[in-house]
Number of protein chains: 2
Amino acid sequence: MRIVVLAGGIGGARFLRGLKAAEPAADITVIGNTGDDIHLFGLKVCPDLDTVMYTLGGGIHEEQGWGRADETFAVKEELAAYGVGPEWFGLGDRDFATHIVRTQMLGAGYPLSAVTEALCARWKPGVRLIPMSDDRVETHVLVELDGTRKAVHFQEYWVRLRASVPAHAVVPVGAEGAKPAPGVLEAIAEADVILFPPSNPVVSVGTILAVPGVREAIAEAGVPVVGLSPIIGGSPVRGMADKVLAAVGVESTAAAVAAHYGSGLLDGWLVDTVDAGAVEEVEAAGIRCRAVPLLMADLDATTRMAREALTLAEEVRA
Amino acid sequence: MRIVVLAGGIGGARFLRGLKAAEPAADITVIGNTGDDIHLFGLKVCPDLDTVMYTLGGGIHEEQGWGRADETFAVKEELAAYGVGPEWFGLGDRDFATHIVRTQMLGAGYPLSAVTEALCARWKPGVRLIPMSDDRVETHVLVELDGTRKAVHFQEYWVRLRASVPAHAVVPVGAEGAKPAPGVLEAIAEADVILFPPSNPVVSVGTILAVPGVREAIAEAGVPVVGLSPIIGGSPVRGMADKVLAAVGVESTAAAVAAHYGSGLLDGWLVDTVDAGAVEEVEAAGIRCRAVPLLMADLDATTRMAREALTLAEEVRA
């Protein structure tokens, strides 16, 4: 079975671990969000790609969900001692090495997709990880800061400001001119199932869908497209998805997120059991819906979620 | 008193600590060797400048003589895990931060002299540290490796090969077209005393003197120029200076190094007490010479050495 997954960071990576456990023989291609990539200290940092790579490759900081296990922060401390920031971005020593290798390879002219493949040669994530695009796309958020509207990098909004200021728009800068990375459209065209994990529907899955050709390819693939709600009982399971949903005018409910993706894209939608009341509404909108436990509490729970998604996909297919 | 010191790495830095203790009120300008600078992982590394900066600023690894105290090597280990080297160069995590700041500032267009000043704003070495040149000079060594002659970067010769292969020439590539950094010629012209610490006479002091205009400015400054022999009893006190002396056809003796600098440049020369027999030979060559203990065993011993150098300078002046 060939499965394509559109993944953001932590939520996507954890779901993928469950999916691999649920279908060990599956051929999984992950299309990774690069909209939250950022340049720091002259280095190209790709938080979502790295979270997937580290999580599936056994290098992740388990409790935190991002960054490396057994991480130290000597470089960052020293940079701060020189007065060099930003201090709000937690770049660890082990993590630095990944960005150094990536930046050097990009500098040599390799596209990000080739660099990601080279980094994965070490981590062996057990999936094919492709960035959504080799072109630069950078998600900016239009915020209200000290009384004036200002566009800030997504990481600044998310990490420094903790999404605590009003957001008026989320713009994947550069997306309209970006091309899908080599292999993205091919993987979608050859997929048996396409899954949207419980990643952020705006700044993770939404950004991937903003790359011209990706949404169309998924809609036209003719295979089941099934998503899992990142919203449980009106709140995001983790992160601050409600804030960016509000910025794009979408209510923070499992049903509203399904409607945001739309029946033209989505064939099936899993909501949590606490949102069982939404099933009818989602189905009325033309999307098959099931209520199942959606908390990725551990690998077992996550594996069951992945199985439910694949089961729903088979229902849709039949 | 305005003192100018031409310094390499460890030997120069330790001598400077003694000089500061000997003359706390002196206005000291250090002209630092940049011939052993190297680019690693896209970063500009200046080992000699950093050794002086860390030593005088209290950040040095005392036993080792180079690199940072309390250093860790997570970045280097991770780079190795990606298959990225060289592994023979010991770049620590704390040290990395210095190179990141330097490389970013150089990338922004600041000359190395301005970058060094910015880095020193943190370390407060208590001297004015100026690179010999803002232009790139890179010392290469013509070695015999596996039967063929080959030019290697000085660091490769020194650190990887441990100076254990035959060296036929030492070439400061780029020196002939380099200009002294801003402040170098001015400091020499305004100096009351010019000192050559017991640094490597070929690849440290020699490289600084290879920048057009520096040797001439020192010779014409009209102030005492006093050096301290890095060779004691026929061997270098530390490092492998004998190997590079041989490469340029100079015997490894205190007298031969004095003659290598020459009476046109050097007014006074300190040799160790074990080399007291060389005093006559050096003086016959027109260089005033004294035999004093030259082992920089601790700060007290080093301070006494600096005092002896200044005393000899005053003798020369009188």
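Residues numbered from 1 in each chain as written. Chains lettered and ligands numbered in written order. Predicted model: local features only at pLDDT ≥ 70, side-chain atom pairs only at ≥ 80, totals over all residues. Heavy atoms only, no water.

**Student:** Looking at this structure, I do not really get the domain arrangement of chain A. What am I missing?
**Tutor:** Accessible area lost when the parts come together is the quantity often used to give the size of an interface. Residues and elements named next belong to chain A. Taken domain by domain, chain A consists of domain 1 (2-36 + 46-57 + 112-133 + 177-317) and domain 2 (138-168). Spacing between the C-alpha centres of domain 1 and domain 2 amounts to 25 Å. Opposite the twelve residues of domain 1 that make contact, domain 2 presents eleven residues. Buried surface at the junction of domain 1 and domain 2, summed over both partners, amounts to about 930 Å²; 62% is from carbon and sulfur atoms. Here domain 1 is connected to domain 2 by zero salt bridges. Our count for the contact surface shared by domain 1 and domain 2 stands at three residue pairs in polar contact (both at pLDDT 80 or more). The residue inventory of the side of domain 1 that touches domain 2, partitioned by class, reads six nonpolar, four polar and two charged. (Domains from an automatic or database assignment. Contact = heavy atoms within 4.5 Å. Buried area = accessible area lost by both parts, 1.4 Å probe. Salt bridge = Lys/Arg side-chain N within 4 Å of Asp/Glu carboxyl O. Polar contact = N/O pair within 3.5 Å; in protein donor to acceptor, adjacent residues only side chain to side chain. Nonpolar A, V, L, I, M, F, W, Y, C, P; charged D, E, K, R; others polar.)

**Student:** How should I be thinking about the nonpolar core in this particular structure?
**Tutor:** Within soluble globular proteins, side chains that are nonpolar tend to cluster in buried spots. If you look at the biggest cluster of nonpolar residues, it comprises 108 residues, and the most contacted ones within it are Leu19 and Leu195 of chain A together with Leu19 and Leu195 of chain B. If we ignore the near neighbours within four places in the chain, the residues touching Leu19 of chain A are Ile3, Val5, Ile28, Leu195, Ala306 and Leu310 of chain A. By size, the runner-up hydrophobic cluster in this structure holds 61 residues, among which are Ala247, Val250, Leu265 and Ala278 of chain A. (Core = buried A, V, L, I, M, F, W, Y, C linked by side-chain atoms within 4.5 Å. Buried < 20%, exposed > 50% of the residue type's maximum accessible area, 1.4 Å probe, protein only.)

**Student:** Where do I start with the relation of the copies chain A and chain B in this structure?
**Tutor:** Relating the two copies of this chain is a rotation about some axis coupled with a shift parallel to it. Taken as rigid bodies, chain A and chain B are interconverted by a rotation of 180° and an axial shift of 0.0 Å, the fit giving an RMSD of 0.0 Å. With respect to symmetry, the two chain copies, as superposed, fit the operation of a two-fold axis. Scanning chain A for the C-alpha nearest the rotation axis identifies Asp93 of chain A, at a separation of 3.4 Å. Interface overlap between copies: 100% of the residues of chain A at the interface are likewise at the interface in chain B, consistent with a symmetric, same-surface contact. (Least-squares fit on C-alpha atoms with pLDDT ≥ 70 in both.)

**Student:** Just checking my understanding: could you explain the interface of chain A and chain B for this structure?
**Tutor:** Each partner contributes to the interface: chain A provides 25 residues, whereas chain B provides 25 residues. Here chain A and chain B share an interface that buries about 2,000 Å² over both sides, 65% of which is from carbon and sulfur atoms. Counting every contact that joins chain A to chain B gives six salt bridges. In terms of residue count, the dominant contributor to the side of chain A that touches chain B is helix α4 (residues 93-107) of chain A (eight residues). (Helix = DSSP H or I, 4+ residues; strand = E, 2+ residues; numbered from the N terminus.)

**Student:** Whenever I open this one, helix α3 (residues 74-81) of chain B confuses me. Can you help?
**Tutor:** Since one α-helical turn is 3.6 residues long, residues separated by three or four positions face the same way. Within the sequence span of α3 of chain B, burial applies to Ala74, Val75, Glu78 and Leu79 of chain B. Mapping the buried residues of α3 of chain B onto a view down its axis gives an arc of 135°, with all of them on the same face. Along its buried surface, α3 of chain B packs onto α3 (74-81), α4 and α5 (112-123) of chain A together with α4 (93-107) of chain B. The positive-phi residue at the C-terminal boundary of α3 of chain B is Gly83 of chain B, with phi of around 85°. (Arc of directions from axis to C-beta.)

**Student:** Help me understand unusual backbone geometry, please; the structure alone is not making it clear to me.
**Tutor:** It is generally the case that most residues other than glycine have a negative phi and that most peptide bonds are trans. Residue and element names in this part refer to chain A. With an omega of 10°, the peptide bond between Gly85 and Pro86 qualifies as cis. Mapped onto the elements, Pro86 comes out in the loop between α3 and α4. The phi angle at Ala163 is positive, at roughly 50°, despite the residue not being glycine.

**Student:** When you look at the environment of Val84 of chain A in this model, what are you seeing that I'm missing?
**Tutor:** Considering the arrangement of structural elements, one finds Val84 of chain A in the loop between α3 and α4. For Val84 of chain A, a relative accessible area of 26% translates into the label partly exposed. Separated by 43 residues in the primary sequence, Val84 of chain A and Phe41 of chain A place their C-alpha atoms 8.6 Å from one another. Sequence-distant contacts of Val84 of chain A, defined by excluding residues within four places in its chain, comprise Phe41 and Leu79 of chain A together with Val101 of chain B.

**Student:** Is there a simple way to think about the pairing of strand β13 (residues 268-271) of chain B in this case?
**Tutor:** Across a regular strand the side chains alternate sides, sitting on one face of the sheet and then on the other. All names here are of chain B. Both faces of β13 are covered, namely the face carrying Gly268 and Leu270 and the face carrying Trp269 and Val271. In this sheet, β13 lies alongside strand β10 (residues 225-228) in parallel orientation, the contact comprising three bridges. If you follow Val226 over to β13, its bridge partner there is Gly268. Inspection of the sheet shows β13 paired to strand β14 (residues 288-291) by four bridges, in the parallel sense. Note that in β14 the partner of Val271 across the bridge is Ala291. Crossover handedness for the path β13 to helix α12 (residues 279-284) to β14: right-handed. (Pairing = 2+ DSSP bridges. Right-handed = clockwise from strand over helix to strand, strands pointing away.)

**Student:** What am I meant to see in the pattern of salt bridges here?
**Tutor:** When the charged atoms of two side chains with opposite charge come close together, those side chains can pair. Residue and element names in this part refer to chain A. Taken as a whole and judged by the stated rule, the model has 28 salt bridges over all chains. For the salt bridge of Arg102 with Asp50, the shortest nitrogen-to-oxygen distance reads 2.5 Å. Of the two residues, Arg102 is situated in helix α4 and Asp50 in helix α2 (residues 47-57); the sequence distance between them amounts to 52 residues. Asp50 shares its class with Arg102; the two are buried. Across the salt bridge formed by Glu283 and Arg290, the nearest N and O atoms sit 3.6 Å from each other.

**Student:** When you look at the sheet that holds strand β2 (residues 27-32) of chain B in this model, what are you seeing that I'm missing?
**Tutor:** Strand pairing in a sheet is mediated by backbone hydrogen bonds. Such pairs are either parallel or antiparallel. All names here are of chain B. Here we have seven strands laid out as an open sheet, ordered β5-β2-β1-β9-β10-β13-β14, and parallel in their pairing. Looking at the sheet topology across the chains shown, the edges are occupied by β5 (128-131) and β14. Pairwise comparison of adjacent strand axes, ignoring direction, gives a mean angle of 20° for this sheet. Those strands touched by helix α2 (residues 47-57) are β1 (2-7), β2 and β5, and its axis lies near 175° from that of β5. (Axes fitted to C-alpha atoms, helices over the stretch in contact; angles between N-to-C directions.)

**Student:** So what exactly am I meant to see when it comes to the sheet that holds strand β7 (residues 148-153) of chain B here?
**Tutor:** All names here are of chain B. Reading across from one edge, β7-β6-β8 is the order of the three strands in this open sheet, with antiparallel pairing throughout. Edge positions in the sheet fall to β7 and β8 (167-173), since each of these pairs with one other strand and no more. In this sheet, adjacent strand axes meet at a mean angle of 25° when their direction is disregarded. As defined by bridge partners, strand β6 (residues 138-145) adjoins β7 across six bridges and the pair is classed as antiparallel. Bridged to Glu144 within β7 is Arg149.

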